[in-house]
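Residue-level structure breakdown
Spelled out from the first residue to the last, the chains are:
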Amino acid sequence: MGVFNRYYKTRSFYCALLLSATAGLVAADPNDWVNVNYVLQQNGAGNTAAAQQSILNKAGGTAQSGPWSVVNKNGIIAPSGNAHDYLSWAPYHWPNCNWCSKGTNHLSNPDQGGNGTDAGGDDDFGDGDGDFNGDDPYEDGGGEEDEAVHLSALNNLNVLRRNTGHSVSHSFSHHRMLRRKRGALHHGSLHAAPVRRQDSESPSATVNLLGDLPLPTDGVPPVPTYPPNTNGFPPMGTSSSSTVKTINGTPAPAQAPAKTQQSKCTPSPTKSLAPSATWTTCPYVVRDGKRNPDVDTLPDSRDFVSMSQSVLYNGVAYGLQKTRSYSQNVARFVDAWFLTPATAMNPNVNYGQLVRGPGKAHQIGTYTGILDIRGLVKVVNAMQIMRATASPDWTAARDKAMSNWIKTYVSWLENSSLGKEAASKANNHVSFYVSQLAAAKMAIGDNQGAQTVLKNYFAGPYLDQIAASGEQPFEAVRTRPFHYRCFNLEAMITNAKLADQLGMNFWTAKTKYGATIQTALDYTMGLDPKREDVSDVFPWVAAVAAAYGDPKGKYTGFLQNKDSGYTSETFWFYDQTAALPNSPAGARAKHRRDEVLGVANAAETAVADAVDSAKGTTVQALDAVGSGQIPFECPAVFRDAQETELEDDLFVTCDVLRPFYEILPSVDPSAL
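Residues numbered from 1 in each chain as written. Predicted model: local features only at pLDDT ≥ 70, side-chain atom pairs only at ≥ 80, totals over all residues. Heavy atoms only, no water.

1. Considerations on the nonpolar core
Counting residues in hydrophobic clusters, the biggest one holds 112 residues, and the most contacted among them are Phe338 and Phe573. Counting residues per element, this core draws most heavily on helix H17 (residues 538-548), at ten residues. (Core = buried A, V, L, I, M, F, W, Y, C linked by side-chain atoms within 4.5 Å. Buried < 20%, exposed > 50% of the residue type's maximum accessible area, 1.4 Å probe, protein only. Helix = DSSP H or I, 4+ residues; strand = E, 2+ residues; numbered from the N terminus.)

2. Here we look at the pairing of strand S4 (residues 643-647)
The buried fraction of S4 is high, at four of five residues. Sheet analysis places S4 next to strand S5 (residues 650-653), joined by four bridges and oriented antiparallel. By the bridge assignment for S5, Glu645 is matched with Phe651. Between S4 and S5, which follow one another and run antiparallel, lie two residues, and Asp649 among them has a positive phi close to 70°. (Pairing = 2+ DSSP bridges.)

3. Description of the pattern of salt bridges
A pair can form between side chains of opposite charge whenever their charged atoms are brought close. For the coordinates displayed, the defined rule picks out 18 salt bridges. Notably, a salt bridge pairs Glu645 with Lys425, separated by 2.9 Å at the nearest N-O pair. With Glu645 in strand S4 and Lys425 in the loop between helix H11 (417-423) and helix H12 (428-443), this pair connects stretches of sequence that are 220 residues apart. Lys425 carries the same exposure label as Glu645, and that label is buried. Residue Arg658 pairs with Glu662 through a salt bridge whose shortest N-O separation is 2.7 Å. Residue class for Arg658 comes out partly exposed when judged on its relative accessible area of 37%. Within the structure, one salt-bridge network assembled from shared partners comprises Asp32, Lys497 and Asp575. (Salt bridge = Lys/Arg side-chain N within 4 Å of Asp/Glu carboxyl O.)

4. A short note on the packing of helix H16 (residues 517-525) against helix H18 (residues 554-562)
Packing of H16 against H18 brings their axes to within 12 Å, and their N-to-C directions diverge by 35°. Once H16 is placed against H18, the crossing between them reads as left-handed. On the side of H16, the interface is formed by Gln518, Leu521, Asp522 and Met525, while H18 contributes Lys554, Tyr555 and Phe558. For the contact of H16 with H18, a count of residues per class yields four nonpolar, one polar and two charged. (Axes fitted to C-alpha atoms, helices over the stretch in contact; angles between N-to-C directions. Left-handed = near helix turned anticlockwise from the far one by under 90°. Contact = heavy atoms within 4.5 Å. Nonpolar A, V, L, I, M, F, W, Y, C, P; charged D, E, K, R; others polar.)

5. With respect to the state of the cysteines
Counting across every chain of the model gives two disulfides. Bridging Cys97 to Cys282, the disulfide has an S-S length of 1.4 Å. Separated by 185 residues along the polypeptide, Cys97 in the loop between strand S1 (93-95) and helix H4 (146-164) and Cys282 in the loop between helix H6 (275-281) and strand S3 (284-286) bring together distant segments of the chain. Take Cys97: its relative accessible area is 1%, and that puts it in the buried class. Covalently, Cys634 is tied to Cys654 through a disulfide, its sulfur atoms 2.0 Å apart. One quick way to see it: the torsion about the S-S bond of Cys634 and Cys654 is about -95°, and its sign makes the bridge left-handed. Of this pair, Cys634 sits in the loop between helix H22 (617-626) and S4 while Cys654 sits in helix H23 (residues 654-661), and the two are 20 residues apart along the sequence. (Disulfide = S-S within 2.5 Å.)

6. Things to note about the environment of Ala641
Here Ala641 lies in the loop between H22 and S4. Residue class for Ala641 comes out partly exposed when judged on its relative accessible area of 33%. Separated by twelve residues in sequence, Ala641 and Thr653 place their C-alpha atoms 9.1 Å apart.

7. Focus on the packing of aromatic side chains
Within the structure shown, the criterion is met by 20 aromatic pairs. An angle of 35° between the planes, with centres 4.5 Å apart, marks the rings of Phe432 and Phe487 as tilted. A residue pair is termed long-range when its members are at least 10 positions apart, and Phe432 in helix H12 and Phe487 in helix H15 (residues 481-501) qualify at 55 residues. By relative accessible area, which is 3% here, Phe487 ends up buried. Here a set of aromatic residues connected by ring pairs shows up, and it is made of Phe304, Trp337, Phe338, Trp405, Tyr409 and Trp412. Across from the ring centre of Trp89, 3.8 Å away, lies the NZ or CZ of Arg356, which sits over that ring. Seen from the ring of Phe432, Arg374 lies directly overhead, with NZ or CZ sitting 5.7 Å from the centre. (Phe/Tyr/Trp six-rings, centres within 6.5 Å; stacked < 30°, edge-to-face > 60°. Lys NZ or Arg CZ within 6 Å of the ring centre and 35° of its normal.)

Here's what the structure looks like:
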C-alpha cells in the first residue's frame, strides 16, 4: 500500500524511538498574540519585569532544542511518499483486527504500546497521558480515565440542575452525541504494506535563503487544493468494520461506549505482522480518552509546537532587548521549518490527524488536523516584531520567501476540502481556523482580508458560541467540558487580540444572547473543574482583566488564590491593558490620558461611556432572558442540517444543545 516506509522489529528499538521522539520537546504556552507596538515599548518596566525575565529565560532555553524540521519523522512518511508533507496520527484510535483465529496475537511485540489487537471491550490500555511537561501538541489532550468521563457528565448534569431548576435525565448525559460510522470499504485479499524508502524521495521545490543560494521567484507556487489522488494503491484486507474518528488529544463526549459492528472477521495471517503492517491492515477504532502511545513515533505535531513557541519567545526577547542572538534564532528556526529545501514543510496539512486503517479513506488526514498548525499565529507574531524592529537578521529575501510560503498556505486553507470543512464548523475548530487565517493574512500584508475574516467570525459562528449565562454549549457537551470551554476561550481571545492589533474592538461584541467573551470567562471561572486542570483558565483570566478592567480585583484575586506566582508567567506580560489599546479598558485608559493632557473630546467620552455600559452585560442578559426578549433558536449551523459535526464523525443535534443555552445567568450581587 506504500503508506509508511519502515517498521521496527525489536521492542528495544521501539522504546528508544519513543524516548528520542521527546528529545526536542518544548513546553509550550497556549495560542496567543502579543501586541507588537506594546512589546517595543517595554523593557523590564512595571509589574511585568518577572514575566519578561521568564520570556528571556525561555527564549534561550528553548533555542537549545532547535532547530526542528518536518522531515525528521523517524523514517515514517505520509501516504504521498513525500517526506516534506506534515503527518500526524489521531491518538485515541486503536487497532482492532478481529482475527478469525481467536486466542493468538499475530502482531510482533504484542506488549508494546499501541500495536496490540483487541476485538472489543473496555480493556485498560494504561494511562498513556502523554504529559510532556504539561503540554500536549494534540490540543492539550491527555489521558482520561473512564471515571473522569463519568465525572464530567455528572458535572454537566449538576450545572443544568443548578441553573435551570429542572431535572435532567441520566440518559441525556450518555446519549447526547451521535456517531456516524464510516462506510465499510471492501477490498481484496490481505496485502502487507510495502516498504517506502524516505531517502529515495527528492526534496520538494522549496526556497533556500541561507548563504548565496537562489532567492525565491515572484508569484505563488501552485497549491494542491485537494488531498492527493490515492488511486493505484494496492488492495488491503477485507473488513466490514468501520472507524469512528476523533481529533488528536480530544476524547469523545460522554456517552455509552462506541459499539463496533463486525459481521466478518479478518483472515488470520500465517506470519506475525510487524507493527507497521498493523497500520494498514487492521481497522482502527476509538477508545474514548485512551491515548495510543505509538502516536509519539511521529514528531511533526510536537516539533511544530516546539518550533512555534521558541520562535515567539525569541521574537519577543529580541523586541525587548535587541540582542542579535534572539533574532538569529528566529531566522534559523523559520528557515529550517519553512524555507530550506532539504528540510522545509510543504504548505498544506493534507495528512494531519490521519486515522490509520485499510483503504483509501485512511490515505488522507482530517479537517481536525488543521488544529495542529494553530501555532502559526505565534510565528506570524514573531515575524511582525522582526519587521517592526528592522532586525538585520530578518532580511528582505527571507521575508519574501516566508510571505510566499504563507500565501500558498492561505490558498490551501481557503480552497482545500479540509480547509473548507474546518471553516464550516460551529465550535472551537472554526475559532482556531479563523485565528490561523487572519494571522496568515496579516503576515502577507493583507490586513483588509484579515479584518474581513475576523468580522465574518464575530458576525457569524461567534453569535451562537456563548449563551446568556456564559456557557459555551458546543464545548459543554464534551467529556472534558472545562478544558474545552477554556480551549475555545483561547481561540476567541486570540481572535479579539488580532482584531485589536488591527484597530478593531470585538471585546464588546455580543452573541445573539447578549453575552461577550467576558461573560464566557466569568461563567467558566465559577465552575468546579472536578478532575480537570484549573490552570487551563489562568491565561484567559488575565486577558479578560486586561481587556475589560478589574476594578474590584476579582480576576487578580482568583489568580493569586490559584497561582501565587502568576506575575512571573509569560501570559502576564502579554495580558496588560497597554497591550490592548482598543479594548474597553484600553479605551478608558486612553480617555484618562487624554483628559490629563487636556485633549479629551466629546467623541472619546461617548466611547468610554459606551464601554462602561458593557460591564453590565450579564445583568442585561438576565433581564432579557427573563422577559423573553431573547428566545432560544437553533444555531445557524442547523439551518441546512439536523445535526452538526463537533469532531470527525461525532455529531450533535440542536435539541441536545438547547438545555445549555437555557441555563439562566447568575448575577453577582455587587453588580446590581
